[in-house]
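Structural overview
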Amino acid sequence: MKLPVKMTINGQSYSHEVEPRLLLVHYIREVVGLTGTHVGCDTSQCGACTILMNGQAVKCCTVFAVQADGANITTIEGLAKDGELHPIQQGFWEKHGLQCGFCTPGMILSAYQMLERYPKPSEELIRHQLEGNLCRCTGYHNIVKAIEWAAEHMPAKK
Amino acid sequence: MATVASDRLFGKSIKRREDPRFITGRGQYVDDLKLPGMTYAAFVRSPHAHAKIRKIDTAAAARHPGVVAIYTGKDMAGVNSLPCGWDLRKEKNIPGVMQDLAIVPHMPLTSDAARHVGDPVAIVIADSHEAAVDAAEKVQVDWEPLPSVTITEKAAGAGAPKLHDGAPGNVAFKWEIGDRAATDAAFNSAPVKVKKRIVNQRLVANAMEPRACVARYDDATGELTLWVTSQNPHVHRLLMCAFVLGIPEHKVRVIAPDVGGGFGSKIFLYNEEVVCSWASRKLKRPVRWTSSRSEAYLTDAHGRDHVTDAELALSNDGKMLGLRVKTTANLGAYLSTFAPAVPTFLYGTLLNGVYAIPAIHCEVTGVFSNTTAVDAYRGAGRPEACYVLERIVEAGARAAKMDVGELRKKNFIPKFSGAFQTQVAVVYDSGDYGAAWDRMLQMLDYKKFRAEQEAARKQGRLLGIGFSAYIEACSIAPSKLVGALGAGAGLYESGKVRVHPTGGVTVYTGSHSHGQGHETTFAQIVADKLGIPIEQVEIVHGDTGSIPFGMGTYGSRSASVGGTAILMSLNKVIEKGKKIAAHLLEASPSDIDFTGGQFQVKGAPSKAVPFGAVSLTAYVPHKYPEGLEPGLEETSFYDPSNFCFPFGAHACVVEVERETGKVRILRYLAVDDVGNVINPMIVDGMVHGGIAQGVGQALCEGAVYDGQSGQLLTGTMMDYALPKADMLPMYETDRTVTPTPVNPMGIKGAGETGTIASPPAVMNAVVDALAPLGVDHIEEMPLSAERVWKIIQGAKSAR
C-alpha cells in the first residue's frame with residue numbers, strides 16, 4: 001500500500017505516492033534526488049541527515065516521509081540564496097570547518113537552528129548544542145570557529 | 001599576456017577550493033549515484049561468531065517480489081580468495097620472521113563456515129533496496145554454531161577453537177626485531193627496571209560516510225566500472241582484477257569520487273565490492289550496495305587490538321638502557337589487505353621513538369580470532385608503538401623517581417640531519433626532538449602548572465598532566481625496501497601534468513583526497529612552480545580511467561610522495577618549455593631561465609615569453625624546434641629513497657572528578673614537526689582531527705566483543721562512543737620546522753600525528769591526576785567514567 005505525500009522542499013512543491021515505511025531521508029535522497037542530505041548511521045546519532053522541517057532542525061532518518069506530509073523543508077541545497085552563501089556556509093569555508101564534507105550539511109543546518117535560538121553563543125554552548133552531530137575529521141575545533149564566525153556575520157534580525 | 005600569480009602560495013593558508021561543493025550539498029559520493037537499470041544489493045551475514053554452514057536455502061527469498069538474483073559462495077566458482085598483500089615468510093627472506101605467516105583463504109562469500117559475526121554468505125539483488133533487504137531476511141541458512149574466541153590473549157591459548165586449517169593454534173605469524181641478546185644483557189645489569197602490561201584496544205575507524213559501491217558492467221564494450229569508497233582506486237582495481245576475479249585490468253575502471261573520510265578503513269579490498277562487481281558482470285546491470293552503519297561496525301577493518309608486556313631498563317640517573325616489548329596482535333578472522341604489516345614493520349620499527357635507547361628487542365605474535373579483520377587505522381602500528389613507549393617511559397620515570405619531562409630530555413636523540421640509525425632497522429631522516437619539546441613546555445608553562453597542581457591537590461582536586469614525545473614514519477615508502485620486507489606492491493606515486501594550449505593545467509594524481517584537501521594543496525604547488533594563477537589549475541584524482549597507475553592515500557604520503565611526483569612532472573614541463581621558448585627567443589635552451597611564469601633569456605629580462613605563449617606553441621608548433629615532439633604533457637613516478645619521520649611533543653592537562661570518575665580535558669597542547677608545510681590551515685585541521693581520534697581512544701572508544709557469544713557489543717553508534725564536541729577543548733598547536741632531506745620540498749607528512757601522539761598523553765595525564773591516590777599505572781583504555789571511578793575506589797580500598 002502506498003500513501004500520497006506532498007511537501008515543499010527548498011521552495012519547490014513535490015508530491016509522490018510512497019510506502020509508509022519510507023524514511024524522509026530516503027524520500028529526499030532517492031525520490032526527490034537531493035543527495036546533499038547524508039546518511040551516516042542507522043541509530044540517529046550522527047546528524048548527517050539534519051534538515052530544517054517547519055523551521056526545526058530534524059534528523060530526517062528518524063521521520064517517515066508520510067509524517068512530513070504538508071511540511072516545509074529546507075535542505076542544504078536550499079540554504080544559499082541567489083548564489084549567495086549563507087553566513088554559516090561561508091563560516092565553514094572561511095574557518096576550515098570541514099574536511100571530507102560528509103557531516104557538513106548536517107552540521108550547517110544544526111548550526112542554523114542553534115544561531116536562531118542563540119544568536120551569540122559561547123564556545124561552551126556551541127559545543128553542547130553540537131551534541132547531536134558527529135564529525136570524524138575536524139576534531140570540532142574549526143567547526144566551533146566556523147559557527148562563531150557565522151554568529152558574527154549573521155544579518156541583524158528585523 | 002597571461003596573468004602571473006604575484007605571491008608564492010606554498011606555506012599560505014588559502015581557503016580550500018573543494019569546499020563550495022561540500023557546503024552547498026553538491027559533493028558526489030558513491031551512494032549519490034543513480035544509474036538506469038540499477039539494482040540494489042543486500043548481504044546475508046552470519047549472526048554467529050563461528051559456525052559451520054550446513055545448507056543455504058534461497059528459494060523463499062528468490063520468490064520475493066522484485067528479487068533479481070541471489071548468489072552464494074558456491075555460485076562463485078572460479079573466484080579466488082581476497083589477497084593479503086604482505087607476505088611474512090622465511091622463504092621470502094623477510095627479516096624477523098620467527099614463524100611463517102599462515103596465509104588463509106578469505107572468500108568473498110564464505111561457503112564452508114562463518115568466522116565472525118557479519119561474515120557474508122549470500123548476496124540478494126533486487127529492483128529496490130527495500131526488496132533486497134526484505135528478501136535477504138528470507139534466506140534460510142542452516143547453521144551449526146561452533147565455539148568462538150574473540151579475546152586477544154585467549155585466541156592462541158590452549159583449547160581455543162581453531163579458525164583455519166592452515167593456522168595451527170590460531171597463530172598467524174611470529175616476528176621479532178632488534179637485538180635480543182644485547183637487550184637481555186642491558187636488563188641483566190640495569191639498576192632500575194619497570195614492567196607494565198599495556199593494552200591498545202580494538203577500534204573502529206568510523207569514517208562518517210559508510211562504505212559503498214556501484215558496479216556497472218557494459219556488455220557492449222565488455223567494460224566494468226566500479227565506483228567505490230576507496231583511498232586507492234588503482235590498488236582496488238589491481239587486487240580485484242588480478243587476484244580475485246581474474247579479469248583484465250584494462251577493461252575495468254575504478255572511480256573513487258568524493259569519499260567521506262577513510263582513516264585507513266577504505267584502503268582495503270572488501271568482499272562486498274568484489275561480489276557486486278562479479279554480480280554486475282553476471283547480470284549485465286548496475287549493482288549498488290551501501291553499508292549501513294551497523295554493517296560497517298561488523299565489516300570495516302578494525303584497528304589496533306594489541307596486548308603488550310613492555311619493560312624499560314634505566315640507569316640510576318634515568319638513562320635508558322634497554323627496551324623489551326612482547327606483543328600479541330589480534331588480526332581478526334581473516335588476513336585483511338595489509339594486516340601483517342601493521343603490527344610488525346609499521347610497529348616494531350618505531351619503538352626507538354625519539355630516544356637514544358642502546359638496546360631494543362620486540363617480539364610480536366599475530367593471532368586469528370572470531371572477530372572482524374584488523375588492518376591499518378589512522379597511524380597503523382605507529383600509534384601502538386608510540387603508546388607503548390610513551391606509557392613505559394612515564395612508568396620508568398616514576399620508578400627512577402624522576403620528573404617525566406626531565407627523564408625524556410635526558411634521553412632525546414640530539415639534533416641531526418641526514419641519518420640516524422635506530423636499533424630497530426629504520427634510519428631517521430632529520431630531527432630536533434628537544435626543540436619541539438622545549439616549545440611545548442614554553443606554551444604550557446610547566447613550572448606554573450606543577451605549582452597549580454600542588455595547590456589543587458591540597459584542595460583534594462585531581463589535576464594531572466601527561467606528555468607524549470612521538471615519532472612516526474610517513475611518506476610511505478621506498479618500493480625496494482618494502483618489497484624486501486614482504487610488501488606485494490611498490491609504494492611510489494604518480495603525477496601527470498597536462499598543460500592545455502591556452503595555458504591552463506590539469507594535474508592527474510595517484511593520491512586520493514577524502515578530506516585531505518589535495519585540490520587545494522597540490523594546486524598551490526603547481527601555481528607556484530609554473531607562476532600561473534591557481535584558478536588555472538585543476539587537480540583530478542580518484543579515477544583509473546584518466547590517472548596513471550597510482551598507489552593512493554594512506555601513511556601520510558600524499559604531499560611528500562604524490563606531491564613530489566607532480567613536482568617532477570612540473571620540472572619536465574619547464575625543461576621542455578625552455579626548449580620551445582629558446583626557439584621562439586632565438587637563444588640556446590641552456591640560456592633560458594623560468595621565473596614568475598616567464599621564460600626569459602639569462603641576463604636579458606626584456607627577451608621573454610610567458611608560459612601561456614609557450615603552451616600554445618607546443619600545440620600549434622609552427623615555429624618549433626627541430627625534432628621536438630609537439631604537446632606539453634609529462635608524467636612522473638616518484639619512489640621515495642626513505643621514509644620521512646615527523647615528530648613532536650604533546651601535552652594534556654586533565655581534571656578527574658573524584659566522585660564520578662569523569663575525566664575532563666582542560667588543555668591540549670601539540671607542537672608538531674612535519675617538515676615544510678604547504679597549507680598551515682589544512683595541516684592544523686588534520687592535527688586537530690587526529691588529536692580528537694586519539695582522545696576518543698583514550699576516553700571513550702572501543703570495540704567490545706562478548707567473550708561468550710562472540711557478538712560485537714558495540715555494533716552501532718549508540719554503543720560505540722565517538723568523541724563529541726563537548727568533550728574536547730580548543731587545541732593549542734604550534735610547529736617547529738625541520739625539513740626532511742628525503743624529498744625536494746622538505747615535506748614529512750602530517751595526516752596521522754595527532755592520532756599517534758594523543759592517547760598516551762591523555763592516559764599519562766589521568767595516571768598523574770590519580771597519583772595522590774596511589775595509582776601508578778592504568779592498563780586499559782578507554783577511560784570511561786565508570787572505569788576511572790572503579791580505579792579510584794580500588795585505590796581507596798588498597799590504602
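Model, not experiment: these values are computed from the prediction. (Residues numbered from 1 in each chain as written. Chains lettered and ligands numbered in written order. Predicted model: local features only at pLDDT ≥ 70, side-chain atom pairs only at ≥ 80, totals over all residues.)

Remarks on the domain arrangement of chain B
Residue and element names in this part refer to chain B. Let me state the cut-off plainly: A domain assignment, automatic or from a database, supplies the domain bounds used here. Note on contacts: each residue gets a C-beta atom placed from the backbone, and two residues are in contact if those atoms are within 7 Å. Classification used: nonpolar for Ala, Val, Leu, Ile, Met, Phe, Trp, Tyr, Cys and Pro, charged for Asp, Glu, Lys and Arg, polar for all others including Gly.
The assigned domain composition of chain B is domain 1 (19-26 + 492-638), domain 2 (36-84 + 105-146 + 208-261 + 266-299) and domain 3 (302-420 + 429-477 + 642-798). Put simply, the middle of domain 1 and the middle of domain 2, counted by C-alpha atoms, are 40 Å apart. Each side of the interface is counted separately: domain 1 has 14 residues, and domain 2 has 16 residues. For the side of domain 1 that touches domain 2, a count of residues per class yields 3 nonpolar, 10 polar and 1 charged.

Observations regarding the domain arrangement of chain A
Residues and elements named next belong to chain A. Threshold: Secondary structure elements are taken from DSSP: a helix is a run of H or I of four residues or more, a strand is a run of E of two residues or more, and numbering for both begins at the N terminus.
The domains assigned to chain A are domain 1 (3-78) and domain 2 (87-153). One C-alpha centre belongs to domain 1, the other to domain 2; they are set 21 Å apart. The partner domain 2 presents 12 residues to the 15 residues of domain 1 that form the contact. Among the elements of the structure, β3 (50-53) and β4 (56-59) are those that each provide at least two residues to the side of domain 1 that touches domain 2.

Let's talk about the interface of chain A and chain B
In this assembly, 42 residues from chain A lie in contact with 41 residues from chain B. Put simply, the parts of the chain that give the side of chain A that touches chain B at least two residues each are α2 (87-94), α3 (104-117), α4 (123-129) and α5 (141-153) of chain A. Among the elements that make up the side of chain A that touches chain B, the one with the highest residue count is α2(A) (4 residues).

Looking at the nonpolar core
A general feature of soluble globular proteins is that nonpolar side chains tend to end up buried together. Residue and element names in this part refer to chain B. In plain terms, the rule: In these notes, a nonpolar core means any group of buried Ala, Val, Leu, Ile, Met, Phe, Trp, Tyr and Cys residues linked to one another through C-beta atoms within 7 Å. Buried means a residue has 20 or more other C-beta atoms within 10 Å of its own C-beta, exposed means 12 or fewer, and partly exposed covers the counts in between; C-beta atoms are placed from the backbone.
Core analysis: the largest hydrophobic core is formed by 314 residues, its most contacted members being Ala41, Val124, Val526 and Val766. Counting residues per element, this core draws most heavily on helix α18 (residues 753-770), which supplies 10 residues. Val766 has contacts with Gly464, Val654, Val656, Val663, Ile778, Leu783 and Val788, leaving out every residue within four places of it along the chain.

Remarks on the packing of helix α9 (residues 382-399) of chain B against helix α10 (residues 404-411) of chain B
Residue and element names in this part refer to chain B. Selection criterion: Whenever a helix is involved, its axis is fitted only over the stretch in contact; in every case the axis is a line through C-alpha atoms, and angles between N-to-C directions fall within 0 to 180 degrees. When describing relative orientation, an angle under 35 degrees is termed roughly parallel and one over 145 degrees roughly antiparallel, while 65 to 115 degrees is termed roughly perpendicular and anything else oblique.
Where α9 contacts α10, the two axes come as close as 9 Å, and the packing angle between them is 110°. Taken together, the axes of α9 and α10 are roughly perpendicular relative to one another. Of the residues in α10, those touching α9 at Val393, Glu394, Gly396 and Ala397 are Val404, Leu407 and Arg408. Looking at the contact of α9 with α10 residue by residue, the classes come out as 4 nonpolar, 1 polar and 2 charged.

Considerations on the pairing of strand β2 (residues 12-18) of chain A
Which entries qualify depends on this criterion: One bridge is not enough; two strands pair if DSSP finds at least two bridges between them.
In the sheet, strand β1 (residues 3-9) of chain A pairs with β2(A) via 7 bridges, with the strands oriented antiparallel. Bridging across to β2(A), Leu3(A) finds its partner in Val18(A).

Let's talk about the confidence of the model for chain B
Applied cut-off: What pLDDT reports is the predictor's confidence in each residue, on a scale of 0 through 100.
In the predicted model, chain B carries a mean pLDDT of 97, and the fraction of residues at 70 or more is 99%. Across the predicted assembly, pTM comes out at 0.97 and ipTM at 0.98.

Details of helix α3 (residues 129-136) of chain B
All names here are of chain B. Selection rule: For this quantity, the arc is that covered by the directions from the helix axis to the C-beta atoms.
Looking at α3, one finds that the buried residues are Ala131, Ala132, Ala135 and Ala136. All buried residues of α3 fall inside an arc of 130° around its axis, so they share one side. Looking at the buried positions of α3, the neighbouring elements they touch are β1 (39-45), α2 (59-62), β3 (67-72) and β6 (120-126).

Quick word on the sheet that holds strand β2 (residues 51-57) of chain B
Residue and element names in this part refer to chain B. Judged by pairing direction, the sheet is antiparallel, and its 3 strands sit side by side in the order β5-β2-β7 without closing on themselves. Edge strands, defined here as strands with exactly one partner in the open sheet, are β5 (113-114) and β7 (140-145). Relative to β5, β2 runs antiparallel, the two being bridged by 2 bridges. By the bridge assignment, Lys52 is partnered in β5 with Ala113.

Details of helix α15 (residues 558-585) of chain B
Spacing of three or four residues puts side chains on the same side of an α-helix, whose turn is 3.6 residues. All names here are of chain B. Here is the rule we go by: The length a helix should cover is 1.5 Å for every residue beyond the first. A residue's bend is the angle separating two fitted axes: one through the seven residues that end there, the other through the seven that start there.
Compared with the 40 Å implied by 1.5 Å per residue over 28 residues, the 38 Å span of α15 between its first and last C-alpha is a close match. Helix geometry: α15 is bent most strongly at Thr564, by close to 25°. Of the residues trailing α15, Glu586 is marked for its positive phi of about 55°.

Quick notes on unusual backbone geometry
The peptide bond linking Ile476(B) to Ala477(B) adopts the cis configuration, its omega dihedral lying at 0°. By secondary structure assignment, the location of Ala477(B) is in the loop between β19 (462-471) and α13 (479-484). Cis geometry is adopted by the peptide bond preceding Pro782(B), which originates at Met781(B) and carries an omega value of -5°. Relative to the elements of secondary structure, Pro782(B) occurs in the loop between α18 and α19 (785-798). Despite not being glycine, Asn54(A) has its phi angle at roughly 50°, a positive value. Along the chain, Asn54(A) falls in the loop between β3 and β4. Judged by local crowding, Asn54(A) falls into the exposed class, with 11 C-beta atoms found within 10 Å. Positive phi values are uncommon outside glycine, yet Ala425(B) reaches one of about 80°. In this fold, Ala425(B) is placed in the loop between β17 (416-421) and β18 (427-431).

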